Structures are given as C-alpha cells and as structure tokens.
Amino acid sequence: MGAYETFLRPLVFTLEPERAQALAEWGLRRRRLWRFLTWHYDRTDPRLRVQAAGLDFPSPVGLAAGYDKQCSVLDSLLALGFGYVVGGTVLKDPRPGNPKPRVLRLTRERALVNALGFPSVGMEAAAASLERLRGRLSAPGKPALVSVAGLTQEDFLECHARLEPLVDGVELNISSPNTRGLRVFQEPETLARLLAAVNAQRRKPLFVKLPPSHDPPSHDLFLSLLRVCKAQAVSGLTVANTRPVEAPALAMGRGGLSGPPLLADTLRMVTEARAEVGQGMAINACGGIATAEDALRALRAGADTVQLLTALVYQGPSVARRINRGLARMLDETGRASLGEMAGRGWGRGDRNDREADLV
Ligand SMILES: Cc1cc2nc3c(=O)[nH]c(=O)nc-3n(C[C@H](O)[C@H](O)[C@H](O)COP(=O)(O)O)c2cc1C
C-alpha cells in the first residue's frame, strides 16, 4: 500500500464521495504544486508506447470518462502518468444530473456504484475549459479525448462539432445505465444513423463506448452494437461502461457498478470484440483495471489500451505510474523489447485503421 492509501485515503473517505471528488479537483487545480510533485512522472518508459486509431500513446494506461466531467484539470491528470485522458461526458446543455445520494463506495470490493445521470456544465463551458488548457494539453504529447453524449442525434452532432477541434479525438457515450433517453442509441439502427452522421463531419478519431454484456439479452445487444461499429468503421471501441445493479442506498435505487468486480467481464468482452472487429480497430479495455497484471491481461485479450477510474479513487494519484512501472518491470523480466511484443500484438507494424491515415 502506498502513502495515499495508508494516510490520506482514510481521511478522504470520511467525506461523502462527491465531496471527496470536489476536494480532489481542488487539489488538481493547484497546478504549480502538482507539477512540482509529479515532474518525474512524465518519464514514461519508451517501451510502453502504443499506437492505435492513428494516435500515439506514450503509455496504454488511460483515464476513463467521468473523473473530469468539466474538462478543467485534464492537464494535471495527464501529469500523473496517464498515457491519455478522456474528459467529460459533456452534453450540449448544462444539466444537474440525478438527485443525491448518487455515488456509493463498496470499500470491501474496492468498487463504486454511481447514478450521477450526467451532471454536465454543458458544451460551451467545457469548450472554454479546453481552450484554456490548449497549450498545456498538447505540450506533453499525450492524447486528450473528450466523451460526448446527447439525448437526440442533433445534440450529439452539435456537441461533437463544438468540441472535436479542441481535442485529439472524441468518444461517444451511448452507454450510461443511468440516463433513460440515452438508451435509444443502443438501438442498432439508431446507432448506425448516428455514426454515419458523425462520420460525415468528423476530422479526428472516433471511439464508441459500449454498454457491458453481463447477461444473455445484454450479450446479444453487445454483439449487434459491435457489428454496427464495424460496419460504420469507427476508429475504436471502449469496452465497456458500468454494469447496472440495484442500489437501495442511492436516491435512484439503482446505479452502475465499477471496479474489480467488472474485470472478468471486461476481459471476455474484449476477446469477443477483437474477434468480431478484427485487427484494424482500436479497443480500449475499461472496467476493473487496477494493476499492471490486469492491464497486461486486457492487452493480451486484444485491447490496445486500458482505461480506469475506480482504481484512481482507491489507489490515489500514483495509480497510473504504478501500472506503468509494473508493465516496464514485466518487460525486463520477460526480456521483451516492447509492450506489443509482450502482449502478442502488432503495434507499430502499420495495422491501424486505413481511414485514419487520411484523417489524422
Ligand atoms: C463516479 C463515476 C462517474 C462516471 N461518469 C462517466 C461518464 O460521465 N461517462 C462515461 O462514459 N463513463 C462514466 N463512468 C464510467 C467509467 O468511465 C468506467 O467506464 C467505469 O467506471 C468502469 O471502469 P473502472 O472499473 O476502472 O472504474 C463513471 C464512473 C464512475 C465511477
């Protein structure tokens, strides 16, 4: 256990989860102090470099959408050793989200249940944050993506068009279990129409974040959404969002489970997704990644990168660096020259989606 887990987390966890999150964001806004504390984190081992969807990632360990919904501290988060970050999810108009309480810690499982329901500052405020961060985001050469969602196709398109120029790529979130209106985009035909429209306007890589497959009906849906994404030649998939569960302690009575209980499903879904879409499309494994071993298992299952959120809450600011170090140690132990070689993947050998060569 690191210093955060031993000394700071017991204090932070005395706060209600959303207050603890606000405190973390306050800390991440103290940029000078943060830079001073993390200057050495930026030296990620060059063997961890990954190419996917036409982007260059200095490490495959990404921060999942939902931690920095306003996109206001993405630069500080990148300084923690993440190979990339996903800001948002941002919606076109500001919205308060669901009633509180809406986040629950399951400390024994090191898991969370959330039913936030997309509290968003709206796309104009997010764009203003991204504009402020512009120089700082591109400087370290680490991609910053933004997750967008909408209740209508027009909202999705407007939000995508407004934010895409300010980031390196966009992730479409069609998979929140907590927002009823969004589920319409889990209809394969509706998703196909949305993706065709976004493809017509996009200039940068496009990722789709899928809902998880955790029972037979959701598995059928997962497979049909994979086929739509393949047919529409998106750049990549994020597999997957939280798993819907009952949660009587939350105002909504239910929410999305995240953290280690998701890992087995994540690995299975990544394997299935890779088998369905072939080698040309990027896959980001998301759900339950907490250690270098988890990350390597996901890469071996067919992922190009991993994303995490709950592990940051439980392990604190050194989590990405710890996973990076663990992966580098495994490279030393196995005598492999690169992560692609260790994971049995072909990065850097030109197996990117052909579309991307024209787009990026
Ligand atoms: C508090 C919280 C807020 C989240 N908000 C979003 C969000 O806005 N958009 C999104 O696509 N996923 C969101 N997620 C889901 C995460 O991005 C991720 O898919 C999920 O937590 C599984 O990864 P993990 O086990 O590493 O946390 C959220 C998760 C949590 C715990």
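This is a predicted model, so every value here is computed, not measured.

Caption draft 1: The arrangement of the overall build of the protein in detail. Summing up its helical and strand segments, the protein has 14 helices and 14 strands in all. Since a compact globule built from 360 residues should have a radius of gyration of about 21 Å, the 19 Å found for the protein is in line with a globular shape. Each of the three principal axes of the protein carries a C-alpha extent, and together these read 50 × 50 × 40 Å. Relative to its full complement of 360 residues, the protein shows a buried share of 50%.

Caption draft 2: Geometry of the pairing of strand S12 (residues 254-258). When you tally the buried positions in S12, you get four out of five residues, the bulk of the element. The pairing of strand S6 (residues 111-114) with S12 spans three bridges and is classified as antiparallel. Directly across from Asn114, in S12, lies its bridge partner Gly256. The sheet contact formed by strand S11 (residues 243-246) and S12 spans four bridges and is antiparallel. Bridged to Glu246 within S12 is Arg254.

Caption draft 3: Structural detail: the sheet that holds S6. Pairing in this open sheet of four strands is antiparallel, and the strands run S5-S6-S12-S11 from one edge to the other. Either end of the sheet is taken by a strand with one partner, and the two such strands are strand S5 (103-106) and S11. On average, each strand axis in the sheet is inclined to that of its neighbour by 35 degrees, with strand direction left out of account.

Caption draft 4: Highlighting the site of the ligand. Around the ligand, a shell composed of 25 residues is seen, among which Ala64, Gly66, Thr89, Ser258 and Thr310 lie nearest. Going through the elements one at a time, S6 and helix H11 (310-315) are the ones with two or more residues in the shell around the ligand. Per-class residue counts for the shell around the ligand are eleven nonpolar, twelve polar and two charged.

Caption draft 5: Fine view of the environment of Ala161. Its location among the elements puts Ala161 in helix H6 (residues 153-163). Between the C-alpha atom of Ala161 and that of Val198, which follows or precedes it by 37 residues, the distance is 8.7 Å.

Caption draft 6: Spatial organisation of the environment of Ser120. Within the fold, Ser120 resides in the loop between S6 and helix H5 (123-138). The exposure class assigned to Ser120 is buried, which follows from the 24 C-beta atoms found within 10 Å. For the pair Ser120 and Leu157, spaced 37 residues apart in sequence, the C-alpha separation works out to 17 Å. Not counting chain neighbours up to four residues away, the residues in contact with Ser120 comprise Lys69, Thr89, Val90, Leu91, Pro94 and Arg95.

Caption draft 7: Seen up close, the environment of Pro101. If you trace the backbone, Pro101 turns up in the loop between strand S4 (84-90) and S5. Residues Pro101 and Pro46, spaced 55 residues apart in sequence, show a C-alpha to C-alpha distance of 43 Å. Residue contacts for Pro101: discarding those within four places in its chain leaves Ala249, Leu250 and Ala251.

Caption draft 8: How the structure looks around the packing of helix H8 (residues 216-231) against helix H9 (residues 263-277). Orientation of H8 relative to H9, taken along the N-to-C sense of each, is 40 degrees, at an axis distance of 10 Å. One way to sum up the angle between H8 and H9 is to call them oblique. Where H8 crosses over H9, the handedness of that crossing is right-handed. The residues of H9 that touch H8, namely those facing Phe222, Leu223, Leu226, Arg227 and Lys230, are Met269, Ala273, Glu276 and Val277. Counted by class, the contact of H8 with H9 contains six nonpolar, no polar and three charged residues.

Caption draft 9: Up close: the sheet that holds strand S3 (residues 61-63). Sheet architecture is closed into a barrel: eight strands sit in the order S3-S4-S7-S8-S9-S10-S13-S14, paired in parallel fashion. Averaged over neighbouring strand pairs, the angle between their axes works out to 25 degrees when direction is ignored. Examined bridge by bridge, S3 and S4 share two bridges and lie parallel to one another. Each bridged residue has a counterpart across the sheet, and for Gly62 the counterpart in S4 is Tyr84.

Caption draft 10: How the structure looks around the packing of H6 against helix H7 (residues 188-201). Closest axis-to-axis distance for the H6/H7 pair is 10 Å, and the angle between their directions is 25 degrees. On the basis of the axis angle, H6 is roughly parallel to H7. The crossing of H6 and H7 is right-handed. Counting all contacts with H6, which are made through Gln153, Phe156, Leu157, His160 and Ala161, the residues of H7 involved are Arg193, Leu194, Ala197, Val198 and Gln201. Looking at the contact of H6 with H7 residue by residue, the class counts come to six nonpolar, three polar and one charged.

Caption draft 11: Representation of H9 within the structure. Its 15 residues give H9 an end-to-end C-alpha distance of 21 Å, which sits within 8% of 21 Å, the value for a rise of 1.5 Å per residue. Among all positions in H9, only Thr266, Leu267, Met269, Val270, Ala273, Arg274 and Val277 are buried. The buried residues of H9 occupy an angular sector of 165 degrees when the element is viewed end-on, so they sit on one face. Looking at H9, the residues exposed on the side facing more than 90 degrees away from the buried face are Ala264 and Ala275. Its buried side turned inward, H9 meets H8, strand S10 (236-239), strand S13 (282-286) and helix H10 (292-301). Directly beyond the C-terminal end of H9, a positive phi value near 80 degrees is found at Gly278.

Rules behind the numbers
- Residues numbered from 1 in each chain as written.
- Predicted model: local features only at pLDDT ≥ 70, side-chain atom pairs only at ≥ 80, totals over all residues.
- Helix = DSSP H or I, 4+ residues; strand = E, 2+ residues; numbered from the N terminus.
- Rg over C-alpha atoms; globule rule 2.2 N^0.38 Å.
- Buried ≥ 20, exposed ≤ 12 C-beta atoms within 10 Å, placed from the backbone.
- Pairing = 2+ DSSP bridges.
- Axes fitted to C-alpha atoms, helices over the stretch in contact; angles between N-to-C directions.
- Near = placed C-beta within 6 Å.
- Nonpolar A, V, L, I, M, F, W, Y, C, P; charged D, E, K, R; others polar.
- Contact = placed C-beta atoms within 7 Å.
- Parallel < 35°, antiparallel > 145°, perpendicular 65-115°, else oblique.
- Left-handed = near helix turned anticlockwise from the far one by under 90°.
- Expected span 1.5 Å × (residues − 1).
- Arc of directions from axis to C-beta.

Shape descriptors only; they carry no functional weight alone.
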